[in-house]
Amino acid sequence: MASMTVDNKLGVNRFLPDEKHSHIDVDKGYGDLKEIKRLVLACPAHLYVLEPGGKLTFSHEGCLECGTCRVLSGGKVVRSWEYPEGGMGVEYRIG
Ligand code: SF4
């Protein structure tokens, strides 16, 4: 089997997002840019985006459920974090 990059491995995952409820509650108006940039840099799925002008956008769809943002934020930008409802979220195909 040929070796795969991390991006290739992540690319075969399946997602069933909960379109009615985000399992992560993000304070998009949080004022500390330093805290926001930590999440932008750390999220392996690149779901935290700092738009030009400093506006934070976030989408839970594509979340890998790693919990990194929950730990890094310490209750600041990420107000609450829970796993998606059963049967929803990411389904890892490799690893
Ligand atoms: S749990 Fe992981 S993948 Fe999901 S938003 Fe947080 S850092 Fe990104």
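No experiment lies behind these values; they were computed from the predicted model shown.

Caption draft 1: The arrangement of the nonpolar core in detail. Ranked by size, the top nonpolar core spans 14 residues in total, and within it Ile24, Val26, Tyr48, Cys69 and Val78 carry the most contacts. Filtering out sequence-adjacent residues up to four positions away, Cys69 remains in contact with Ile24, Leu39, Tyr48, Val78 and Trp81.

Caption draft 2: Fine view of the site of the ligand. With respect to spatial proximity, 14 residues lie near the ligand, and among them Cys43, Cys63, Cys66, Gly67 and Cys69 are the closest. Residue composition of the shell around the ligand, by class: eleven nonpolar, two polar and one charged.

Caption draft 3: Layout of unusual backbone geometry. Here His46, not a glycine, exhibits a phi torsion of approximately 55°, which is positive. As for its placement among the helices and strands, His46 is situated in the loop between helix H2 (33–42) and strand E3 (48–50). One non-glycine residue with positive phi stands out, namely Glu65, at about 60°. On the secondary structure map, Glu65 appears in the loop between strand E4 (56–58) and helix H3 (68–73). Judged by its relative accessible area of 18%, Glu65 is buried.

Caption draft 4: Region of interest: the side chain of Glu65. At 11 Å, Arg70 is the nearest oppositely charged side chain to Glu65, a buried residue that forms no salt bridge. Of the polar contacts made by the side chain of Glu65, one reaches the backbone nitrogen of Val90; its length is 2.9 Å. Sequence-distant contacts of Glu65, that is, excluding residues within four places in its chain, are made with His23, Trp81, Tyr83, Pro84, Met88, Gly89 and Val90.

Caption draft 5: Layout of the environment of Asn8. Structurally, Asn8 can be placed in helix H1 (residues 6–11). Looking at Asn8, the relative accessible area reads 41%, which means it is partly exposed. With 64 residues separating them along the chain, Asn8 and Leu72 place their C-alpha atoms 26 Å apart.

Caption draft 6: Local environment of the packing of aromatic side chains. One pass over the full model with this rule turns up two aromatic pairs. Taking the centre distance of 4.5 Å and the plane angle of 35° together, the rings of Tyr48 and Phe58 count as tilted. Of this pair, Tyr48 sits in strand E3 while Phe58 is found in strand E4, placing the two residues ten residues apart along the sequence. Of the two residues, Tyr48 and Phe58, both sit in the buried class. Here the aromatic rings of Trp81 and Tyr83 are separated by 4.9 Å at their centres, their planes lie at 80°, and the arrangement is edge-to-face. You can call Trp81 buried: its relative accessible area is 17%. The class of Tyr83 is exposed, set by a relative accessible area of 56%.

What counts and how
Residues numbered from 1 in each chain as written. Predicted model: local features only at pLDDT ≥ 70, side-chain atom pairs only at ≥ 80, totals over all residues. Heavy atoms only, no water. Core = buried A, V, L, I, M, F, W, Y, C linked by side-chain atoms within 4.5 Å. Buried < 20%, exposed > 50% of the residue type's maximum accessible area, 1.4 Å probe, protein only. Contact = heavy atoms within 4.5 Å. Near = heavy atom within 4 Å. Nonpolar A, V, L, I, M, F, W, Y, C, P; charged D, E, K, R; others polar. Helix = DSSP H or I, 4+ residues; strand = E, 2+ residues; numbered from the N terminus. Lys, Arg positive; Asp, Glu negative; His and termini not counted. Salt bridge = Lys/Arg side-chain N within 4 Å of Asp/Glu carboxyl O. Polar contact = N/O pair within 3.5 Å; in protein donor to acceptor, adjacent residues only side chain to side chain. Phe/Tyr/Trp six-rings, centres within 6.5 Å; stacked < 30°, edge-to-face > 60°.

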